Amino acid sequence: MTAIAVTIAGSDSGGGAGIQADLKTFSALGVYGASVITALTAQNTRGVMAIHEAPADFVRAEIDAVFSDLTVNAVKIGMLASPELIRTVAAGLRDYGQNRVVLDPVMVATSGDSLLKAEAVTTLREELFPLARLITPNLPEAGKLLGRTVDETPDDMLAAARELLSLGPRAVLIKGGHGGGAESADLYLDADGAHWLTAPRHATLNTHGTGCTLSSAIAAGLAKGLSLVAAVEEGKAYVTAAIVAADRLDIGHGHGPVHHFHAWW
């Protein structure tokens, strides 16, 4: 059987994040990738110039086209800008019985541009958290989801992860990449307890698409039949290597992308 993963996310015209990063990641990890595009962004390494949200009925048509034909093994969800799109995607996941769902609550691009309307945060929590096998917020996103600041201290990250877990997802991964120190520490929490994943922090400006890449790498692992913990560990190792190799690329004049195909060129 061919492992198939679907990304439900926005398009990044610069190629470093969103749908483009997800499909590169799926391919690099040996998984066939399909897509449901929720928005077009006019975007490059310097920032987001414009966003064109896809109509909800068209997004539903994409969902029906993909899930009625392909045997989908895992789903990664990224940019969903509005409450209507969130409800549309949630309904599609329920209708097609998808339970290997990795939700990356995309709120702000690496450039600092907002990608989620403020009124959509509550809908995201209520509609998609209960359907998610895993949610993968970074520190600022965790804070926005909880309505408070989340510090990079282990105690506060653990408290935040427990709060998020109580909202319905089966597991939480709070990413520590926005923190400081010599190591980048991510906290994984599920009903069995907490697990820290650490990697040396690599100094580079080329971090565009790291969140998209990590969440899609985890979805790829689930599509291949890995346990969630094993998929998270494989995803962390993959994105760390992609960040380390990012400086081999010369892309744009802002925050360049990570190197998805670092194992080949």
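Preceding this paragraph is the structure being described.
Residues numbered from 1 in each chain as written. Predicted model: local features only at pLDDT ≥ 70, side-chain atom pairs only at ≥ 80, totals over all residues. Heavy atoms only, no water.

### A word on the overall build of the protein chain
Scanning the protein chain for helices and strands turns up eight helices and nine strands. For the protein chain, whose C-alpha radius of gyration is 17 Å, the value lies close to the compact-globule estimate of 18 Å for 265 residues. C-alpha extents for the protein chain along the principal axes are approximately 45 × 40 × 40 Å. Out of the 265 residues in the protein chain, the part that is buried amounts to 55%. Long-range pairs, those at least 24 residues apart, make up 67% of the contacts in the protein chain with a sequence separation of at least 6. When the accessible surface of the protein chain is summed, it comes to about 11000 Å², and 53% of that surface belongs to carbon and sulfur atoms. Looking at charge distribution, the protein chain has the averaged site of its 19 positive side-chain charges lying 1 Å from that of its 28 negative ones. (Helix = DSSP H or I, 4+ residues; strand = E, 2+ residues; numbered from the N terminus. Rg over C-alpha atoms; globule rule 2.2 N^0.38 Å. Buried < 20%, exposed > 50% of the residue type's maximum accessible area, 1.4 Å probe, protein only. Contact = heavy atoms within 4.5 Å. Areas by Shrake-Rupley, 256 points an atom, 1.4 Å probe, with all protein chains shown as cover. Lys, Arg positive; Asp, Glu negative; His and termini not counted. Charge placed at Lys NZ, Arg CZ, Asp CG, Glu CD.)

### As for the packing of aromatic side chains
Aromatic ring pairs are described here by two measures, namely the spacing of the ring centres and the angle between the planes. Under the counting rule described, the total for this entry stands at two aromatic pairs. When the ring of F261 is compared with that of W264, the centres are 6.1 Å apart and the planes differ by 65°; the resulting orientation is edge-to-face. (Phe/Tyr/Trp six-rings, centres within 6.5 Å; stacked < 30°, edge-to-face > 60°.)

### Remarks on the packing of helix 7 (residues 210-223) against helix 8 (residues 228-244)
Contact pair helix 7 / helix 8: the axes reach a minimum separation of 8 Å and the direction vectors enclose 140°. Viewed along their axes, helix 7 and helix 8 adopt a mutual orientation that is oblique. Considering only the axes of helix 7 and helix 8, their crossing is right-handed. Of the residues in helix 8, those touching helix 7 at T210, T213, L214, A217, I218, G221 and L222 are L228, A231, V232, E234, G235, K236, Y238, V239 and I243. Along the lines of polarity and charge, the residues of the contact of helix 7 with helix 8 split into ten nonpolar, four polar and two charged. (Axes fitted to C-alpha atoms, helices over the stretch in contact; angles between N-to-C directions. Parallel < 35°, antiparallel > 145°, perpendicular 65-115°, else oblique. Left-handed = near helix turned anticlockwise from the far one by under 90°. Nonpolar A, V, L, I, M, F, W, Y, C, P; charged D, E, K, R; others polar.)

From the geometry alone we can't say anything about function, so treat these as descriptive.
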